[in-house]
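# Remarks on the overall topology
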Amino acid sequence: MTTVSAPTWLDVPADHPFGIATLPYGVFSTASDPGARVGVAIGEMILDLAPAVRSLAPPLAPAVSGPSLDALLAAGPRAWSELRALVTAWLTDTALGERLGRHLVPARDAVLHLPFTVADYVDFYASEQHATNIGRMFRPGQEPLTPNWKHLPIGYHGRAGTVVGSGTDVVRPRGQRRGADGEITYGPSQRLDIEAELGFVVGTPSRLGSPVGLAGFPEHVFGVCLVNDWSARDIQAWEYVPLGPFLGKSFATSVSPWVVPLAAFEPARVAPPARTVPLLPYLDDSRTPPWGLDVRLEVRLNGHVVSRPRFDGMYWTGAQMLAHLTANGASLRTGDLYASGTISGERPDERGSLMELSWGGAEPLGLPDGTTRSFLEDGDEVVISAYAPGADGAVIGLGEVRGRILPAH
Ligand code: MN
């Protein structure tokens, strides 16, 4: 795989988050052509992939001709790398400028859609700092990390049918909770929160009964997106014992419109933090190049940056999450999405949820308009964006995931 970026014939600055080293896939439509179709972002433009591939690489056309990324996800790792190499070559070959130019659409004219059909959805809990902070607040006086935490990546199965595209409004959930006075009530959540996470998008399915090992990660995972795992803390705190998150999470989960291929992250691979507990062989990545990722996120609330979490401090990698997710023989399906869990660092300004940023409401955040927030209010808009460092000063952008809170119905 090449990590050195040739210039594109499009006028894209070398450090543009969607430069030639990123080439994320998404699904878009335009007012003049309202059919949803597959695109690749390049600078401020989107390459309409189906007509370009039909013209220049017809055998790959079935993988990109549908209204979603589903066929491309199912096409497998050889097709993924072949297509990425071709698109890279086309966008750096000046002779193709005229032929491809007619298939470029300004991104500002496009509407972006949920890019793939979400099959199963799993959410992990892979940040030691997040798990420690939440443990301190949910179980005061007890050891914050549960005894299993450093032996396996903890996760739960979420609700795939309520994964929504960026820009989808989120209606404040109602639910049952127990107040400070012990009274049990049902009503709109009063502690509505965000969780800034990365999502891993599965392309290649696996056989029921056959675990996928650490080495299977790039064979099965197509790419990475951003996830906002909206969380109602009051509902969650009351319901989660003993079976884990349920209605406090399942009302909506937002994902970014662009899926960045795993291949683009090659220059951003880093070693994860040192493990303080020996790992069982199926999770032990000490003898293989590990899949820590240097991805830097930014969380904005009503336009104001409230946090800058970093993925490079995550205790568990995406490869370990996949190995554990399938360790019992559970099979993967094309379109499976598994998220990392809230990304929180050591520093207070690296915490990926409002629950941690406001320490359960004890330390509300001040916003530039003079108001304060411990949790989300109706009308609040949250935007999570991210990038990773590329080779030679390139920037691997993940774009953003956006959502606004509407009042409870
Ligand atoms: Mn989560």
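Residues numbered from 1 in each chain as written. Predicted model: local features only at pLDDT ≥ 70, side-chain atom pairs only at ≥ 80, totals over all residues. Heavy atoms only, no water.

This brings us to helix α9 (residues 318–325). The buried fraction of α9 amounts to six of the eight residues, a majority that puts the element mostly inside the structure. When we look at burial in α9, the residues that qualify are Gly318, Ala319, Gln320, Met321, Leu322 and Ala323. (Buried < 20%, exposed > 50% of the residue type's maximum accessible area, 1.4 Å probe, protein only. Helix = DSSP H or I, 4+ residues; strand = E, 2+ residues; numbered from the N terminus.)

With that settled, consider the packing of aromatic side chains. To describe a pair of aromatic rings, you give the distance between the ring centres and the angle between the ring planes. Enumeration according to the criterion identifies 11 aromatic pairs in this entry. With a centroid separation of 5.9 Å and an interplanar angle of 70 degrees, the aromatic rings of phenylalanine 18 and tryptophan 258 are classed as edge-to-face. Taken together, the residues phenylalanine 18 in the segment before β1 (25–30) and tryptophan 258 in the loop between β16 (253–255) and β17 (260–261) connect sequence positions 240 residues apart. Phenylalanine 18 sits in the buried class, given a relative accessible area of 12%. Positioned over the ring face of tryptophan 291 is arginine 269, at 3.5 Å from the centre of the ring. Over the ring of tyrosine 315 we find arginine 275; its NZ or CZ atom is 5.6 Å from the centre of that ring. (Phe/Tyr/Trp six-rings, centres within 6.5 Å; stacked < 30°, edge-to-face > 60°. Lys NZ or Arg CZ within 6 Å of the ring centre and 35° of its normal.)

Bringing the nonpolar core into the picture now. The biggest cluster of nonpolar side chains holds 61 residues, and the ones touching the most others in it are Phe217, Phe265, Val295, Tyr338, Leu376 and Leu398. Those elements that place two or more of their residues in this core are β6 (121–124), β13 (196–202), β14 (221–228), β20 (296–301), α9, α10 (354–357), β25 (381–389) and β26 (395–406). In this structure, tyrosine 338 is in contact with Val122, Phe124, Leu198, Gly199, Phe200, Val202, Phe217, Val221, Gly318, Met321, Leu322 and Leu325, ignoring residues within four places of it in sequence. Within the second largest apolar cluster, 43 residues are counted, among which are Val53, Leu83, Val201 and Val227. (Core = buried A, V, L, I, M, F, W, Y, C linked by side-chain atoms within 4.5 Å. Contact = heavy atoms within 4.5 Å.)

Once that is clear, we can look at the domain arrangement of the protein chain. Each assigned domain of the protein chain is listed here: domain 1 (25–112) and domain 2 (121–406). Centre-to-centre, using C-alpha coordinates, domain 1 lies 29 Å away from domain 2. On the domain 2 side, the residues contacting the 17 residues of domain 1 number 17 residues. Summed over both sides, the interface between domain 1 and domain 2 buries roughly 1,300 Å², with carbon and sulfur atoms accounting for 76% of that surface. Three residues stand out in domain 1 for area buried against domain 2, namely Tyr25, Leu73 and Trp80, and they jointly supply 46% of the buried area on that side. Taken together, domain 1 and domain 2 are joined by zero salt bridges. Taken together, the links from domain 1 to domain 2 amount to one residue pair in polar contact (both at pLDDT 80 or more). (Domains from an automatic or database assignment. Buried area = accessible area lost by both parts, 1.4 Å probe. Salt bridge = Lys/Arg side-chain N within 4 Å of Asp/Glu carboxyl O. Polar contact = N/O pair within 3.5 Å; in protein donor to acceptor, adjacent residues only side chain to side chain.)

Sheet strands associate in pairs through backbone hydrogen bonding, adopting either a parallel or an antiparallel arrangement. Pairing in this open sheet of five strands is antiparallel, and the strands run β4-β3-β2-β1-β5 from one edge to the other. For this open sheet the edge positions go to β4 (104–106) and β5 (110–112), each flanked by a neighbour on one side alone. In this sheet, adjacent strand axes meet at a mean angle of 50 degrees when their direction is disregarded. Lying over the sheet, helix α1 (residues 49–56) contacts β1, β2 (37–42) and β3 (45–48), oriented at roughly 50 degrees with respect to β3. (Pairing = 2+ DSSP bridges. Axes fitted to C-alpha atoms, helices over the stretch in contact; angles between N-to-C directions.)

Taken in spatial order, the five strands of this open sheet run β9-β26-β25-β20-β21, and their pairing is mixed. Edge strands, defined here as strands with exactly one partner in the open sheet, are β9 (170–171) and β21 (304–307). Relative to β26, β9 is paired through two bridges, and the arrangement is parallel. Bridging across to β26, valine 170 finds its partner in isoleucine 405.

Each protein donor to the manganese ion is listed here as Asp123 (OD), Glu195 (OE), Glu197 (OE) and Asp229 (OD); together their distances run 2.1 Å. Coordination of the manganese ion draws on donor residues from a single chain, spaced D-x71-E-x1-E-x31-D in sequence. Overall, the relative accessible area of 0% leaves glutamate 197 in the buried class. (Donors = N, O, S within 2.8 Å, 3.2 Å for Na, K, Ca; no water.)

According to the stated counting rule, one finds 26 salt bridges in the structure shown. Residues aspartate 48 and arginine 37 are paired through a salt bridge, measuring 2.9 Å at the closest nitrogen-oxygen approach. Of the two residues, aspartate 48 is situated in strand β3 and arginine 37 in strand β2; the sequence distance between them amounts to 11 residues. Summarising the burial analysis for this pair, aspartate 48 and arginine 37 share the class buried. Close ionic contact of glutamate 400 with arginine 300 constitutes a salt bridge, the shortest N to O distance being 3.9 Å. Residue glutamate 400 is located in strand β26, and its partner arginine 300 is located in strand β20; the two are separated by 100 residues in the primary sequence.

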